[in-house]
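Chain and residue survey
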Amino acid sequence: MLSVLRVHLPSDIPIVGCELTPYVLLRRPDKTVTTEDVPESAPLDGHFLRYKWYRIQSDKKVAICSVHPSEQATLQCLGCVKAKIPIAKSYHCSTKCFSDAWQHHRVLHERAASAVNDNGAEEDELFGRFNSAGSGVVNASLPASQSNPSLSNGAAPVYPAAVAQRSGGETWFEVGRSKTYTPTADDIGHVLKLECFVVDVETKLAVGLSNTVLTSRVIPAPSPCPRRLIPVSGVDVMGHLDSDGHMSTTGTFTVLSYNILSDAYATSESYSYCPSWALSWPYRRQNLLREIVGYRADIVCLQEVQSDHFEEFFGPELDKHGYQALFKRKTAEVFNGNINTIDGCATFFRRDRFSHVKKYEVEFNKAAQSLTDALVPSVQKKTALSRLVKDNVALIVVLEAKFINQVIDNPGKRQLVCVANTHVNVHQDLKDVKLWQVHTLLKGLEKIAASANIPMLVCGDFNAIPGSAPHALLAMGKVDPMHPDLVVDPLGILRPLSKLAHQLPLVSAYSSFARMGVGLGLEQHRRRMDPSTNEPLFTNCTRDFIGTLDYIFYSADSLTVESLLELLDEDSLRKDTALPSPEWSSDHIALLAEFRCMPRTRR
């Protein structure tokens, strides 16, 4: 007879919005063991499996710490209550927890106080978009007496109203009958129970004992502090005025670039500081999707997207939000694991804003083969390929804008945009290979630009810090022959040095922050920039490394930056932590820029 040997959940901590799928080990009537489900629609030897999920509600409503969501709260910030900040953000598990989190927490008070005055409904909409509770903030000033965290720790904790009880102070509510269950906001603070048992097809009665699993209390999905778009328009305006002195605006669009951290790399060994439940893919995928969709970008360039996750999750989910998807998986000459978990580059675009014209796939392994055939003696070819072949790829997409008004003097002209999405070689000791990959990509883009005369966007994780040779090639169009990165070139692939140049008028979008005029609040954004390179202080933040590796470059002769997604700083992250974290599900931060298409200067 069919029997259940074992039932367990991948994570003991259930999170709102994150699907719970139990692992069920079965013994078939023939004594073989399987993990395949046996639903009522496909019974086995007259039996099938039935599941029931319950929510256990006791006579005490338990509040959860906003910083450590697996811990019960013992105090509440009274300033949050007065400022009408979402109540879930006001709870803390200890005085030390509240004190340590104060630098981050006070940002909520400051934004609540200035939300309506500075931004009106826009700020409220942003908070509502990112907060899992869906609550916005309203204009409310925090009294000076409560700006000190030691004065905000009320001795008597304030909790939501208790839940009405039944029979002995504990009530069980059945909440689901499928194998999987997704916790809702109603489950927060409550324990869930799963029952799994074998049922006879004819009698519909349970056979044998049921297997049960109890979870810990359901926690809300931690939500990061919202990031706003900061206007920087006017920075790149010169050279784009028409003969009458009027701006020839033809439309704006937004571009997001984000390394989302492949699940294959998100291990507890690499990120021991991140709670295991926050590293789990069921949690991270929902958190990442919520963040990505919340940015509402017209074009989305993601790196480190696993093949199976693209097919099973990101493709279908973003399709629901109006995006068309394109994907280029990394090649597998070096990789020796499961082919379905190989990551790659995924580019999405909103179907109502763009249409797909053409796609180019760049495989650096193929370019390496051609290079060694031409330059390397046959006896050294194997060694050369071992250094050059790293499976990295780039996905280049040509799109046509649907939303841009036609140019008056050329009403039939199509507005095309070329978007390159790449993840460059990660090994820091292979500086020659990294530079060669970037150079190879840029030479390919040059050919496209020459044939189509269209604006370029080059996005991705280049694993190159500002000031490195790859960054110099991208930003300056050439590399100084005396650059220290050029010392490493055992195969001679960078010779002659004069070839390390390109003619694309590329500019880093985030360098616009460094060129902004004087204005209220602009100085704080400059403080998040490196003044020596005009790039962000960091786009990647782990315990072992903090620095900038991600960029959005654009053609400055045909595009201008209108606004940029604000950068994170130390106050935006939890104190004494790094990425990924419960709030941010990648070790990189997303970059987003709004561009305006401008007519090219007439020659």
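Residues numbered from 1 in each chain as written. Predicted model: local features only at pLDDT ≥ 70, side-chain atom pairs only at ≥ 80, totals over all residues. Heavy atoms only, no water.

1. A few points about the overall build of the chain
Helix and strand counts for the chain stand at 13 helices and 26 strands. Looking at the chain as a whole, 51% of its 603 residues are labelled buried. At a minimum sequence separation of 6, the contacts of the chain that also span at least 24 residues come to 75%. Total accessible area on the chain stands at roughly 26,900 Å², and carbon and sulfur atoms take up 52% of it. (Helix = DSSP H or I, 4+ residues; strand = E, 2+ residues; numbered from the N terminus. Buried < 20%, exposed > 50% of the residue type's maximum accessible area, 1.4 Å probe, protein only. Contact = heavy atoms within 4.5 Å. Areas by Shrake-Rupley, 256 points an atom, 1.4 Å probe, with all protein chains shown as cover.)

2. Topic: the pattern of salt bridges
Under the definition given, this model contains 24 salt bridges. Note that Glu-40 is salt-bridged to Lys-204, the shortest N-O span being 2.9 Å. Of this pair, Glu-40 sits in the loop between β3 (33-34) and β4 (47-58) while Lys-204 sits in the loop between β8 (191-200) and β9 (206-217), and the two are 164 residues apart along the sequence. Taking the relative accessible area as the measure of exposure, Glu-40 reaches 41% and is therefore partly exposed. Of the charged contacts, one joins Arg-353 and Asp-298 as a salt bridge, the two residues approaching to 3.1 Å between their closest N and O atoms. Of this pair, Arg-353 sits in the loop between β14 (343-350) and β15 (354-363) while Asp-298 sits in the loop between α7 (281-295) and β12 (299-306); the two residues are 55 residues apart in sequence, bridging distant segments of the chain. (Salt bridge = Lys/Arg side-chain N within 4 Å of Asp/Glu carboxyl O.)

3. Some details on the packing of aromatic side chains
Taken as a whole and judged by the stated rule, the model has 19 aromatic pairs. Pairing Phe-310 with Phe-348 gives two aromatic rings, centres 6.0 Å apart and planes at 45°, and the pair type is tilted. Placement of Phe-310 in helix α8 (residues 307-320) and of Phe-348 in strand β14 is noted, with a sequence separation of 38 residues between them. We note that Phe-310, like Phe-348, is buried. (Phe/Tyr/Trp six-rings, centres within 6.5 Å; stacked < 30°, edge-to-face > 60°.)

4. Quick look at helix α12 (residues 469-476)
The buried fraction of α12 amounts to six of the eight residues, a majority that puts the element mostly inside the structure. Of all the residues in α12, the buried ones are Ala-469, Pro-470, His-471, Ala-472, Leu-473 and Leu-474. In this structure, the buried residues of α12 make contact with α11 (431-452), β18 (456-461), β19 (506-508), β21 (535-536) and β24 (550-555). Positive phi shows up at Gly-477, right after α12, with a value of about 85°.

5. Section: α8
Taking 1.5 Å per residue as the helical rise, α8 with its 14 residues ought to reach 20 Å, and the 19 Å between its terminal C-alpha atoms agrees with that figure. Ser-307, Asp-308, His-309, Phe-310, Phe-313, Phe-314, Gly-315 and Leu-318 are the residues of α8 that are buried. In this fold, the buried residues of α8 make contact with α7, β12, β13 (323-329) and β14. Of the residues flanking the end of α8, it is Gly-322, one or two places downstream, whose phi is positive at about 90°. (Expected span 1.5 Å × (residues − 1).)

6. Quick word on the sheet that holds β3
Here we have three strands laid out as an open sheet, ordered β1-β2-β3, and antiparallel in their pairing. Each edge of the open sheet carries a strand with a single partner, namely β1 (3-8) and β3. Relative to strand β2 (residues 23-27), β1 runs antiparallel, the two being bridged by five bridges. Of the residues in β2, the one forming a bridge with Val-7 is Val-24. (Pairing = 2+ DSSP bridges.)

7. Concerning the pairing of β8
The element β8 is extensively covered by neighbouring structure, given that ten of its ten residues are classed as buried. Along β8, one buried face is formed by Val-191, Lys-193, Glu-195, Phe-197 and Val-199 and the opposite face, lined by Leu-192, Leu-194, Cys-196, Val-198 and Asp-200, is buried too. The pairing of β4 with β8 spans ten bridges and is classified as antiparallel. Across the sheet, residue Arg-50 finds its bridge partner in β8, namely Phe-197.

8. Remarks on the sheet that holds β12
Overall, mixed pairing links the seven strands, which are arranged β10-β25-β26-β11-β12-β14-β13 in an open sheet. Because the sheet does not close on itself, it has two edges, and the strands there are β10 (229-231) and β13. Recorded for the sheet is a direction-independent mean angle of 25° between the axes of neighbouring strands. Taken together, the seven bridges between β13 and β14 define a ladder with antiparallel strand orientation. (Axes fitted to C-alpha atoms, helices over the stretch in contact; angles between N-to-C directions.)

9. Some details on the confidence of the model for the chain
Of the residues in the chain, 83% have a pLDDT of 70 or more, and the chain-wide mean is 83. In this model, residues 118-167 is a region of pLDDT below 50 whose contacts with residues beyond four sequence positions or in other chains number 100 contacts. For residues 235-249, every residue scores under 50 in pLDDT, and the model assigns this stretch 27 contacts once sequence neighbours within four places are set aside. (pLDDT = per-residue confidence, 0-100.)

10. Structural notes on the environment of Leu-567
For Leu-567, the position within the fold is in the loop between β25 (559-565) and β26 (591-597). Given the relative accessible area of 2%, Leu-567 is considered buried. Residues Leu-567 and Ala-590, spaced 23 residues apart in sequence, show a C-alpha to C-alpha distance of 8.8 Å. Ignoring anything within four residues of it in the chain, the contact list for Leu-567 reads Arg-227, Tyr-510, Phe-513, Arg-528, Met-529, Pro-536, Ile-589 and Leu-591.

11. Things to note about the nonpolar core
Judged by nonpolar contacts, the single largest core of 80 residues is most densely connected at Phe-253, Ile-292, Ile-299, Phe-348, Phe-354, Leu-457 and Phe-595. Tallying contributions element by element places α7 first for this core, with six residues. Apart from residues lying up to four places away in sequence, Leu-457 is in contact with Phe-253, Val-255, Val-417, Cys-418, Val-419, Ala-420, Phe-553, Tyr-554, Leu-559 and Phe-595. Counting residues in hydrophobic clusters, the runner-up holds 41 residues, among them Ala-449, Ile-454, Phe-462 and Leu-504. (Core = buried A, V, L, I, M, F, W, Y, C linked by side-chain atoms within 4.5 Å.)

12. Section: the packing of α7 against α8
The relative placement of two packed helices is expressed as an angle between their axes plus a distance between the axes. Close contact between α7 and α8 brings their axes to 11 Å; oriented N to C, the two are set at 35°. Where α7 crosses over α8, the handedness of that crossing is right-handed. Residues Trp-281, Arg-285, Gln-286, Leu-289, Ile-292 and Val-293 of α7 form the contact with α8, whose participating residues are His-309, Phe-313, Phe-314, Glu-317 and Leu-318. Looking at side-chain class alone, the contact of α7 with α8 contains seven nonpolar, two polar and two charged residues. (Left-handed = near helix turned anticlockwise from the far one by under 90°. Nonpolar A, V, L, I, M, F, W, Y, C, P; charged D, E, K, R; others polar.)

13. Quick notes on the side chain of Thr-254
Along the chain, the position of Thr-254 falls in strand β11 (residues 252-259). Here Thr-254 falls in the buried class, since its relative accessible area comes to 10%. If sequence neighbours within four positions are ignored, Thr-254 has contacts with Arg-296, Ala-297, Asp-298, Ile-299, Leu-592, Ala-593 and Glu-594.

14. Concerning unusual backbone geometry
Here Arg-495 and Pro-496 are connected by a cis peptide whose omega angle stands at -10°. Along the polypeptide, Pro-496 turns up in the loop between α12 and β19. The linkage connecting Leu-579 with the following residue, Pro-580, adopts the cis geometry, with an omega of 0°. Structurally, the position occupied by Pro-580 is in the loop between β25 and β26. Residue Lys-31 is not a glycine yet carries a positive backbone phi of 75°. Secondary-structure assignment places Lys-31 in the loop between β2 and β3. Overall, the relative accessible area of 63% leaves Lys-31 in the exposed class. One non-glycine residue, Asn-534, lies in the positive phi region at around 60°. Counting through the fold element by element, Asn-534 comes out in the loop between β20 (529-530) and β21. Note on Asn-534: relative accessible area 29%, which makes it partly exposed.

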